[in-house]
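Each chain is listed here by its residues.
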Amino acid sequence: HTIFTVFPSTMLRESIFENPVFRNIMDSMNYAEIWLDVPNRRFDHSFHYLIPDGMAAGLGMRVLVPLQQRRVQGLVIGVQPELPEDLPVERVRSILKIVDQQAAIPPELLELARWLSETTICPLAQALHAIWPLLSGKAEDWIQPEIAWDDPDLEALEVIDPPGYRVMQVLRRARRKALPRQTLLQRSACPPETLDGLFKAGWISCETHWSGTPREEQGEQRNPEATLLRLPTPPMEEAADTRMLTPEQEQTVRSIEAWIGKQAYQTILLHGVTGSGKTEVYRRVMQKLWQEGGDAILLVPEISLTAQVTAYLQDTFGEDVAVLHSGISAAQKRQIWLEILQGRKRLVIGARSAVFAPLPHLRLIILDEEHDGAYQQDENPKYHAREVARQRMRQRQGVVVLGSATPSLEAYAAARTGKIGFAQMPKRISTHGLPPVRIVDMRAELTQGNRSMFSLPLQSKLRERLERGEQAILLLNRRGYATFVVCRECGFVVRCPNCEVALTYHTQGQEMLCHYCNHTETPLRVCPQCGSRYIRFFGQGTQRVEEELQGLLPQAGILRMDRDTTRTKGTYEKILTRFRRQEADILIGTQMIAKGLDFPQVTLVGVVAADQILNMPDFRARERAFQLLTQVAGRAGRGEKSGEVIIQTYEPQNRAVVLASKHDYPGFFREEISYRRVRGYPPFTHIIQVTLLHEQEERVIKAAQDLAACIRLEMTREQGEEQLCGELLGPAPAVYIRLKNQYRWQICLKGKDVTRLRWMLQRGVGRFYQGSVASGIRLNIQVDPLNGV
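S.K.: Mind showing me how you'd approach the side chain of Thr566 here?
M.R.: On the secondary structure map, Thr566 appears in the loop between β24 (558-561) and α18 (571-580). From its side chain, Thr566 meets the backbone oxygen of Asp562 in a polar contact 2.7 Å long. Beyond its immediate chain neighbours, meaning those up to four positions away, Thr566 contacts Met561, Thr571, Tyr572, Ile575 and Met592.

S.K.: Which parts of the structure should I look at to understand helix α9 (residues 247-261)?
M.R.: Owing to its 3.6 residues per turn, the α-helix brings residues three or four apart onto one side. Helix length check: α9, at 15 residues, gives a terminal C-alpha distance of 21 Å against a target of 21 Å (1.5 Å per residue), a fit within 8%. Residues of α9 that are buried include every one of Gln249, Thr252, Val253, Ile256, Trp259 and Ile260, and no others. With its buried residues spanning 130 degrees around the axis, α9 presents them on a single face. Those residues of α9 that are exposed and aimed more than 90 degrees away from the buried face are Pro247 and Gly261. Elements in contact with the buried residues of α9: β10 (266-272), α10 (278-291), β14 (362-368), β15 (399-404) and β16 (421-425). Trailing α9 by a residue or two, Gln263 shows a phi angle of about 50 degrees, which is positive.

S.K.: Which parts of the structure should I look at to understand a nonpolar patch on the surface?
M.R.: A surface patch of nonpolar side chains, about 340 Å² in accessible area, is lined by Tyr516, Met616, Val735 and Tyr736. Considering the arrangement of structural elements, one finds Met616 in the loop between α19 (611-614) and α20 (621-633). A residue is classified by how much of its surface remains accessible, and Met616, at 40% relative accessible area, is partly exposed.

S.K.: Teacher, can you tell me more about the sheet that holds strand β27 (residues 644-649) here?
M.R.: Sheet strands line up and pair through hydrogen bonds in the backbone, either parallel or antiparallel. The six strands lie next to each other as β17-β27-β26-β18-β25-β24, forming an open sheet whose pairing is parallel. Looking along the sheet, the strands with just one partner apiece sit at the ends: β17 (437-441) and β24. Taking the axes of each pair of neighbouring strands and ignoring which way they run, one obtains an average angle of 20 degrees across the sheet. Sitting on the sheet, α20 touches β18 (471-475), β26 (602-607) and β27, and the angle it makes with β26 is about 155 degrees.

S.K.: I tried to follow the pattern of salt bridges on my own but got confused; where do I start?
M.R.: Two side chains carrying opposite charge are able to pair once their charged atoms lie near each other. Using the criterion set out here, one finds 32 salt bridges in the structure. Across the pair Arg468 and Glu470 runs a salt bridge whose closest N-O atoms are separated by 3.0 Å. The exposure class of Arg468 is partly exposed, given its relative accessible area of 45%. The residue Asp598 makes a salt bridge to Arg638 at a minimum N-O spacing of 3.5 Å. With Asp598 in the loop between β25 (586-589) and β26 and Arg638 in the loop between α20 and β27, the pair connects residues that are 40 residues apart, well separated along the chain. A network of salt bridges, in which partner residues are shared, links Lys461, Glu464, Arg465, Arg468, Glu470, Lys641 and Glu644.

S.K.: Help me understand unusual backbone geometry, please; the structure alone is not making it clear to me.
M.R.: One can expect most non-glycine residues to show negative phi and most peptide bonds to be in trans. Residue Pro683 is reached from Pro682 by a cis peptide bond, and omega for that bond is 15 degrees. Omega for the bond connecting Gly730 with Pro731 falls within 30 degrees of zero, at 10 degrees, which places this linkage in the cis form. Take Pro731: it is sitting in strand β29 (residues 727-739). At His663, a residue that is not glycine, the phi angle is positive and equals roughly 55 degrees.

Calculation criteria
- Residues numbered from 1 in each chain as written.
- Predicted model: local features only at pLDDT ≥ 70, side-chain atom pairs only at ≥ 80, totals over all residues.
- Heavy atoms only, no water.
- Helix = DSSP H or I, 4+ residues; strand = E, 2+ residues; numbered from the N terminus.
- Polar contact = N/O pair within 3.5 Å; in protein donor to acceptor, adjacent residues only side chain to side chain.
- Contact = heavy atoms within 4.5 Å.
- Expected span 1.5 Å × (residues − 1).
- Buried < 20%, exposed > 50% of the residue type's maximum accessible area, 1.4 Å probe, protein only.
- Arc of directions from axis to C-beta.
- Patch = residues over 30% accessible without salt bridge, like charges linked within 9 Å, V, L, I, M, F, W, Y side chains within 5 Å.
- Areas by Shrake-Rupley, 256 points an atom, 1.4 Å probe, with all protein chains shown as cover.
- Salt bridge = Lys/Arg side-chain N within 4 Å of Asp/Glu carboxyl O.
- Pairing = 2+ DSSP bridges.
- Axes fitted to C-alpha atoms, helices over the stretch in contact; angles between N-to-C directions.

Given below as structure tokens:
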């Protein structure tokens, strides 16, 4: 037996730790720097623990460690032979257990997490959770018996230790032959000391389990059906390898393959019109890379697109394809992540978060529809998948391909000035070319007495499609039935009590709903302000379009696709599959139907109300309107039959509408880039937006003023009293001053050097948090935001 003598810490420091023999032992030990998964702001930094002799704890591994009186899960983010100078060795505790025998996060992604933390100005903890959300887990001790139930000593225990006997009887009745420690203590009504005595006597043993860990790692057999993907039948009958490329596609494939062959970092913009065959280019490039042993990631902006793209590629890559997005269960994600780490999945398809997939031989990342705002994360860390992809390929000396028919102005400007590579495919692969677009002035429709939401030309074209057995798509970028509820007597508008927005009326469920916090109310019959019964519903949403269209064309089969109809898992694919099989004639939807979908029988696209996307309080409003109109127009005429598009608007002279009707992206770019240059907007400057949130408006106003003063002081110190480095805008109320019962004020930093802006903001925020005003204030920081500027 080894006998340990316990000394007070002061004696330890003066005696044992000064012993040269002990010092030699300590010098041979390694220490792990560990980020702890503790939901407490005080613990938003790393801790140091001793790695016990014989324990192979490495970077990226999850470990179980002691913290105060608890045992918590941590992630090893560093291993070093020495401790920091300010950390006494006697305060260092040991790692208890390794959760993963293989690193959950490779060292490359740990480095990426630090970069993400710095560039988005967020804590490392949030960056790590963004990379792999399933890191979280709670350690829990499970107690199990270590004797046979017919052991005669068990009867003696009833006399010697009645509380211990009660514990054993509770375990005997347990279905799983083991119970969590706290559950066992509660059921047996025994103090914790009872278990200590049973441990020492060998009656029971303990295993540590933790939530957030795959069952197979805890000794249980995995259900093989848990990893099956929900893949539809491929929409194209022609075998992938027999598809002929157009000359433009061939040239683009050769160009991208040449860039990959250089084994150097490069970003390439692929500007191809809708229907030009960009997906086939992606497939050919990935196939060549795959044959050479390289891995790739293909990102799409919407979960609904993953099934279509996966079906298109699966006949080439087979079981090497993995799908990652938020619609997949946690068990599936863990299994897929493990298979990717082990090299059993080499092509990852998914939405924004799939950019973090830990492919061992990653050399290519493709962002399809790179302009789409869905690539911007709305929660901290507020990263853009495009910038994360570029950083990963800098690490790997690989290639990023940005594909779009309507590129972001920043990407197109960089391509035209030679900062990134450029490839173009200005023609469709079909012989029909791009569909003609007709702009309908809804003011003229009113003059003619048509008060329907459907213009006479659109009604006529819809009837034609029904007669010919063809399909149509209608876009209205607003869900619900009526966009607001108002009293016609006094003007009272029904608003959300938690947000400064009007409630939207939904006939389905007969409720008024806030689209930001999901607050619901029963529709009013009497105005609460004046008592009037003149409560009316104004505005129009997809639900109302569906209802009125069914009345106009009762013989038509209609499907609706928006957030209301796709809440249930798998409904995306069900709706799209039904429409692809021509089980419906018309598909109504929000912007989710405008992106990347390919329906050969769709020959008509109608935009019900273009004005809803034109008049937003944002300098990017025209760009987004042009992109959405052009993208949805591209859904028409993609098969053997030609298509046409109708755009309804009360502002037919708007340049975004006019240029979208001509499919003229270069013309739109020239006009919009001139506007941005004159006003100093991106890409000529960078903007960092800071949003402050608190339940009390006076607190958030005071905090915004204090933060602005702190930042202004740092800006002045940076370049002297007379010249500020960049421009500080605000503080001012946010576009929506209250959401989810939180008041919101904003500050913006604007300048050409984004690195310097970040540095000044970090120092300003640090100074701000030293004051009492910061208590309870939440900060959301976004670099080059896509909304609300």
